[in-house]
Amino acid sequence: MKVSKSWLSDYLDLSAYSDEELFNEINAHINEIESYSKMVEATNLTVGKVLDCIPHPDSDHLHVCQVEVKPGVVMQIVCGAPNVDKDELVIVANVGAVLPGNFKIKASKIRGVESNGMLCSLQELGVEEKYVPAAYKDGIYNFAPGTVNVGDDPLKALGLDDTVIDLELTSNRSDLLSIEGVAFDLGAVLSQKVNVKKGTFKEEATKNPISVTVDTDKCYKYNLRYLADVTVKESPMWMKSRLVASGIRPINNVVDITNYVLMEMGQPLHSFDADKLGNKVVVRQAKKGEKLVTLDEQERALEETDVVISNGDTPLCVGGVMGGLSTEVDANTKNIALEAAYFEPLSIRKTSSRLNLKSESSIRFERKIDYDRVERALDYATELLVKYADAKVYSGVARAVKVEMPSKQVTITAEKINSVLGTTLSDEYVNEVFNRLAYDFTKNGLEYTITLPSRRMDLEESVQDIIEDVARIYGYDNIPTTIAKTRDKGYLTYSQKRTRLVRQILAYMGLNEAVNYSLISENDLGLYLPKNEVKEPVKVLMPLTEDRAVMRESLLNGLIENIAYNKARKIENLALFEIGNVHTADSETLHLGIVINGLVASHLWNGQKNPASFFILKGMFEALCEKLNFGVSYVPYKDIDSFHPGRTAAIMHAGKRIGVIGELHPRFAKQHDVSGTIALEIDLTDLITDKQELKYQSINKFPTISRDLAIVVKKDVPSESIYNLIKQTGKSSITNIELFDVYTGENVEADEKSLAYNITFEDTTKTMEAEDVEKIIKKIVTRVERELGGKLRG
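Quick caveat, the model's predicted, so the values are computed rather than measured.

**Student:** Help me understand the pairing of strand E39 (residues 656–664) in this model?
**Tutor:** Moving residue by residue along a regular strand, the side chains alternate between the two faces of the sheet. Summarising burial for E39: seven of the nine residues are buried, a large majority. In the sheet, strand E38 (residues 643–653) pairs with E39 via seven bridges, with the strands oriented antiparallel. By the bridge assignment, Ala650 is partnered in E39 with Val660. Between E38 and the antiparallel strand that follows it, E39, lie two residues; Ala654 among them carries a positive phi value of about 55°. The sheet contact formed by E39 and strand E40 (residues 678–683) spans five bridges and is antiparallel. Within the sheet, the bridge partner assigned to Val660 lies in E40 and is Glu681.

**Student:** What am I meant to see in the packing of helix H5 (residues 237–245) against helix H6 (residues 253–265) here?
**Tutor:** Axis angle and axis distance: for two packed helices, these are the angle between their axes and the distance between the axes, and together they describe the pair. Packing of H5 against H6 brings their axes to within 10 Å, and their N-to-C directions diverge by 55°. Relative to H6, the element H5 lies oblique. As H5 packs across H6, the resulting crossing turns out to be left-handed. Along its contact with H5, which presents Trp238, Met239, Lys240, Arg242 and Leu243, the element H6 presents Asp256, Ile257, Asn259 and Tyr260. When its residues are assigned to classes, the contact of H5 with H6 shows five nonpolar, one polar and three charged.

**Student:** Before we go on, may I ask you to explain unusual backbone geometry in this structure?
**Tutor:** Residues other than glycine predominantly adopt negative phi, and peptide bonds predominantly adopt the trans conformation. We note that Ala438 has phi near 60°; this positive angle belongs to a residue other than glycine. Inspection of the secondary structure puts Ala438 in the loop between helix H12 (427–436) and strand E28 (440–444). Owing to a relative accessible area of 36%, Ala438 belongs among the partly exposed residues under this scheme. A positive phi is found at Lys570, a non-glycine position, where the angle reads about 65°. Within the element layout of this structure, Lys570 appears in the loop between helix H15 (556–567) and strand E33 (574–584). For Lys570, a relative accessible area of 71% translates into the label exposed.

Rules of the game
- Residues numbered from 1 in each chain as written.
- Predicted model: local features only at pLDDT ≥ 70, side-chain atom pairs only at ≥ 80, totals over all residues.
- Heavy atoms only, no water.
- Buried < 20%, exposed > 50% of the residue type's maximum accessible area, 1.4 Å probe, protein only.
- Helix = DSSP H or I, 4+ residues; strand = E, 2+ residues; numbered from the N terminus.
- Pairing = 2+ DSSP bridges.
- Axes fitted to C-alpha atoms, helices over the stretch in contact; angles between N-to-C directions.
- Parallel < 35°, antiparallel > 145°, perpendicular 65-115°, else oblique.
- Left-handed = near helix turned anticlockwise from the far one by under 90°.
- Contact = heavy atoms within 4.5 Å.
- Nonpolar A, V, L, I, M, F, W, Y, C, P; charged D, E, K, R; others polar.

The structure is reproduced here in structure tokens:
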């Protein structure tokens with residue numbers, strides 16, 4: 001919510017407060033401020049009058065102007081704007097002025113002609129082009145004759161001498177989505193009373209010809225005024241400036257007034273061309289199959305859950321979301337019907353989300369508006385239309401009320417407030433705070449009964465909300481800090497310690513931790529899972545976007561997106577991991593995901609490069625498991641379509657599959673711009689809960705013996721089988737087995753491969769003899785021949 005300081009000054013006396021002081025008060029007592037800044041960051045500007053304007057002698061587009069910058073002070077300025085002319089009132093940046101971007105104006109010569117200043121366009125003052133009137137988009141700004149005098153401050157004349165405060169609102173504080181709402185809170189902080197604005201105008205004798213019927217409980221109440229003989233024209237400059245400060249583009253006086261009241265009072269309004277509307281309005285649910293072309297010229301298919309404003313038969317407007325093109329106010333409009341209504345918040349949210357139509361109006365309806373402010377906002381807008389659009393107001397408001405909203409009450413004492421906050425606020429001070437907050441309350445002894453103001457839609461019938469208000473006004477920094485009175489000492493569980501250790505080990509390996517959204521698109525749900533393991537997902541009832549519609553069932557959805565995002569920005573060498581929960585309709589488990597891409601390591605000085613591969617990631621994972629004394633094995637795996645069928649393995653522990661490791665399928669990787677990516681994901685449950693004690697033993701004082709053993713087997717025999725056979729045969733005599741060569745080619749059959757292992761033998765009780773080693777090797781070869789159909793390579 002962008003808040004104009006000058007607009008707030010309509011409600012409060014802020015003359016004694018600097019921008020920084022105001023920033024601190026709002027930030028400490030009302031809401032976090034995202035930013036605050038001047039509308040225009042420019043100095044040493046003045047209104048000047050062009051006394052003479054002649055073509056530049058050495059240019060076909062420049063002009064040499066004599067400009068009166070102060071009464072009696074004339075400066076020569078060279079200008080290239082096509083619309084500069086004699087007798088124009090212009091914005092002058094004098095020598096020494098500083099424009100946005102730290103652009104300093106200096107006296108200079110332009111093609112041999114002296115120039116002492118600059119004639120400015122609105123864009124050069126930092127005004128966004130979308131807010132610049134069409135007549136001035138390609139040139140300098142000219143004031144209308146008689147509106148300013150030479151020497152005046154142009155920013156003040158334009159309403160641009162303002163500070164804009166950008167509030168970062170939470171969803172519950174919808175009362176701060178209006179200048180009036182912010183003024184009430186700021187008035188409480190500054191101990192100033194806020195006088196609200198009420199519209200005053202004269203009604204014509206002619207009666208409002210339109211009748212209103214509400215046939216849905218999704219519209220609590222609906223009001224409609226009839227205004228005749230409206231003149232559609234440009235809005236006054238002060239109004240346009242305030243709209244620009246609020247981030248809204250001025251259009252014409254009728255549209256601008258509805259937007260102006262929206263921003264000032266938080267009440268959405270809509271104006272119909274009354275001649276296109278007819279004399280009957282029916283608010284109802286849409287019918288199946290109905291369609292409507294909205295103001296953005298898009299045809300919308302309506303559903304029975306949508307609220308529409310109709311003429312009894314045809315839908316003319318999507319209630320609370322967007323008007324229809326058929327009743328749009330245009331330059332030829334003479335009579336308007338002005339709507340002010342209260343729609344059920346949830347209904348508006350569903351419709352705006354489904355139609356993907358978010359607007360300033362729908363946001364306010366979704367978050368609740370002030371039920372009691374609807375009619376006052378309508379009257380205020382009517383007064384502005386009379387004043388600035390020459391409207392004549394027909395007597396009476398066409399009104400229908402479907403749902404009444406009773407007031408809410410809360411009973412509380414100063415003692416209760418102090419017991420929650422840990423403060424010693426006096427009853428007198430609490431009474432003062434309630435008055436500053438403009439609460440309507442009665443007091444019986446020490447007990448306050450507060451009627452909650454309708455403008456504070458966030459307040460519920462709970463003492464907690466009242467206590468929070470008192471804490472805000474008192475100041476959170478003034479609440480004493482105390483240590484909780486408890487003898488319990490916090491500690492990490494075994495699982496938490498193991499999870500932290502996993503995170504530390506991976507970080508020490510050089511991997512970067514990623515934290516991704518738990519919500520993904522439903523279309524991406526089973527990308528990294530076997531088809532038979534995709535379970536019923538947890539769905540978000542009202543997703544903000546389709547990309548965040550269901551809870552993830554795999555961490556790889558986010559990690560693969562991370563790879564694609566970084567590669568698109570020329571960041572090629574990536575090693576990422578994530579530890580997080582994955583969800584199904586009936587479970588929630590903690591997983592570990594790892595992805596690598598590009599070079600894992602490189603040494604330019606000697607040309608060494610280690611690109612990401614299956615075996616590098618497998619080595620990283622095995623190093624992790626070794627540190628945690630967690631045993632795993634691998635078997636070939638082909639059940640996930642997004643993985644390479646020949647370079648993927650299931651990760652096994654205690655006879656069950658706990659994860660998968662492999663290279664992404666080349667076709668899939670190319671489609672997602674992640675070619676060369678190796679990925680791993682495991683369920684961490686066993687790894688962080690297994691309590692396998694580490695066993696220590698003394699260093700063997702006897703020498704070891706190392707032997708190389710090359711075994712030829714069929715290509716479909718996994719190395720894991722040979723490794724396990726060697727380990728089982730040698731038992732405690734073998735302390736290390738390393739595969740150091742895989743060979744296919746000459747002297748090996750086409751359907752065979754040769755695997756060479758380095759085996760380390762030792763005995764903790766004696767020096768091992770060569771004969772002992774040969775006996776074990778002979779047993780190994782015998783078992784390989786019998787159980788695996790292999791042989792010793794000659």
